[in-house]
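Now for the letters of each chain:
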Amino acid sequence: MRLRDMAGAGVVGERRPRPRVLDLAVRSTVLDDVARVRLLLPRGWSRDASRTWPVLWLLHGSGAGRDGHTAWTDHTDVEELTEDAEVIVVMPDGGPCGNYTDWWNRGAGGAPKWETFHLAELRQILERGYRAGADRAVAGNAMGGLGALAYAARHRGLFRAAASFSGPVHTLHRDPAGLDVADLVELSVAVGAPSLDWTDVWGDPDEQRIVWRQHNPYDLAGRLAGVRVHVTAGDGAPGPYDAGSGRDALEALACTVSREFADKLGRLGIPVTTHFYRGTHTWPYWRRELRAALPDLLAEII
């Protein structure tokens, strides 16, 4: 996908709840509503600085719980982890369904265009007005992990490193006897945007298979050559942060497709680091995985 220079989008509000935290309200030309973005700013940052800073994008999972742009600061210690890092951390809203894509809308296109908003409109706003530089890494949890790897693969050269924590990174994985990724897309739309049809995202996975493949990290794996890739997921069994005893089918699916994705990278000769562990689809694990992955992500851009 070729990114176009986007005119018309702009910041319509700023709020600074803490010294390093800057929240933006952005009016977009490709979304139906104002979008929210949280920035973590490095020490010494200034809008008028003579330098720029590298950028770490953190994408949240499905917004059914309405974590949105505050998810990573609400549920992890990313603020403390990056306190001394020379980096701008960008945490944008990904919409109520968290699909990180321009919706197909039965071939008609149009809003919402989350991919265009993030990588064209918001990126240019940050570079022109907030001293964001050209060295970038991206990571995400759950649907945000899908978004991170899809963004890095679909826009070659835009990101130097990409990480998925429990992401459904093979969208065409099928399991007739159980949960598959198409089910997740259907569920995310049913919960996050119940007035819409889930096939408006990429169409039907059989009838519009080419559209799904164009957004599927597994099918796009060869385009990640040169990107530092990190993939993690739990097996769905209760782990050290779980009180219950039941199996988490969602995390088990994330683990299955993450292993398939990592195996394909291996067959292509593309390096990938992985961590597969006992655990469920919950924030305590993603907090731990961010801590572990952050040094490598930052090493690629700082």
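These numbers were taken from a predicted model, which means no experiment stands behind them.

Some words on the overall build of the chain
Scanning the chain for helices and strands turns up eight helices and nine strands. Taking the principal axes of the C-alpha coordinates as reference, the chain spans close to 55 × 45 × 40 Å. Across the 302 residues that make up the chain, the buried fraction comes to 58%. Approximately 12300 Å² of the chain is accessible, and the part contributed by carbon and sulfur atoms is 47%. In the chain, which carries 35 positive and 39 negative side-chain charges, the distance between the mean positions of the two groups comes to 5 Å.

Focus on the nonpolar core
By size, the foremost hydrophobic cluster in this structure holds 63 residues, and its most contacted members are Leu39, Val90, Phe117, Leu126 and Phe261. The leading source of residues in this core is helix H4 (residues 143-154), at seven residues. Leave out the neighbours within four places in its chain, and Phe117 touches Val26, Ser28, Val30, Leu31, Ala35, Val37 and Leu122. Counting residues in each nonpolar core, the second largest holds 25 residues, with Val89, Met91, Ala163 and Trp283 among its members.

Some thoughts on the pattern of salt bridges
Inspection of the entire model under this criterion finds 21 salt bridges. Taking the shortest distance from any N to any O, the salt bridge between Arg18 and Glu79 comes out at 2.8 Å. Of the two residues, Arg18 is situated in strand S1 (residues 10-18) and Glu79 in helix H2 (residues 78-81); the sequence distance between them amounts to 61 residues. Of the charged contacts, one joins Asp23 and Arg38 as a salt bridge, the two residues approaching to 2.7 Å between their closest N and O atoms. Residue Asp23 is found in strand S2 (residues 21-27), and its partner Arg38 is found in strand S3 (residues 35-40); the two are separated by 15 residues along the sequence. Judged by relative accessible area, Arg38 falls into the buried class, the value being 5%. Within the structure, one salt-bridge network assembled from shared partners comprises Arg15, Asp23 and Arg38.

Focus on the environment of Cys255
Among the secondary structure elements, Cys255 is positioned in helix H7 (residues 249-268). Residue class for Cys255 comes out buried when judged on its relative accessible area of 7%. Along the sequence, Cys255 and Val169 sit 86 residues apart, while their C-alpha atoms lie 9.6 Å from each other. Sequence-distant contacts of Cys255, defined by excluding residues within four places in its chain, comprise Ala233, Gly234, Asp235 and Phe276.

Topic: empty space enclosed by the protein
Here the structure, examined in full by the defined rule, presents two cavities of 30 Å³ or more. A volume near 70 Å³ is recorded for the largest cavity. Secondary structure elements with two or more residues in the lining of the largest cavity: strand S8 (228-234) and helix H8 (283-299). If you list the elements that add at least two residues to the lining of the second largest cavity, you get strand S4 (53-59), helix H3 (114-129) and strand S6 (132-141). The class makeup of the residues in the lining of the second largest cavity is four nonpolar, one polar and three charged.

Details of the sheet that holds strand S5 (residues 88-92)
Strand order in the open sheet made by the nine strands is S1-S2-S3-S5-S4-S6-S7-S8-S9, with mixed pairing throughout. The two strands at the open ends of the sheet, each matched to only one other strand, are S1 and strand S9 (272-277). Between one strand and the next, the sheet's axes are offset by a mean angle of 20 degrees, whatever the strand orientation. By the bridge criterion, four bridges tie S3 to S5 in an arrangement that is antiparallel. Residue pairing for S5: Arg38 is matched across the bridge by Met91. Set on the sheet, H7 makes contact with S8 and S9; between it and S8 the angle comes to about 150 degrees.

Conventions adopted
- Residues numbered from 1 in each chain as written.
- Predicted model: local features only at pLDDT ≥ 70, side-chain atom pairs only at ≥ 80, totals over all residues.
- Heavy atoms only, no water.
- Helix = DSSP H or I, 4+ residues; strand = E, 2+ residues; numbered from the N terminus.
- Buried < 20%, exposed > 50% of the residue type's maximum accessible area, 1.4 Å probe, protein only.
- Areas by Shrake-Rupley, 256 points an atom, 1.4 Å probe, with all protein chains shown as cover.
- Lys, Arg positive; Asp, Glu negative; His and termini not counted.
- Charge placed at Lys NZ, Arg CZ, Asp CG, Glu CD.
- Core = buried A, V, L, I, M, F, W, Y, C linked by side-chain atoms within 4.5 Å.
- Contact = heavy atoms within 4.5 Å.
- Salt bridge = Lys/Arg side-chain N within 4 Å of Asp/Glu carboxyl O.
- 1 Å grid on protein atoms, 1.4 Å probe; cavity = no way out; pocket = protein on both sides within 12 Å on 5 of 7 lines; lining within 4 Å.
- Points joined across faces, edges and corners; volume = space filled by probe spheres on them.
- Nonpolar A, V, L, I, M, F, W, Y, C, P; charged D, E, K, R; others polar.
- Pairing = 2+ DSSP bridges.
- Axes fitted to C-alpha atoms, helices over the stretch in contact; angles between N-to-C directions.

By themselves, these observations are geometric and do not establish any function.
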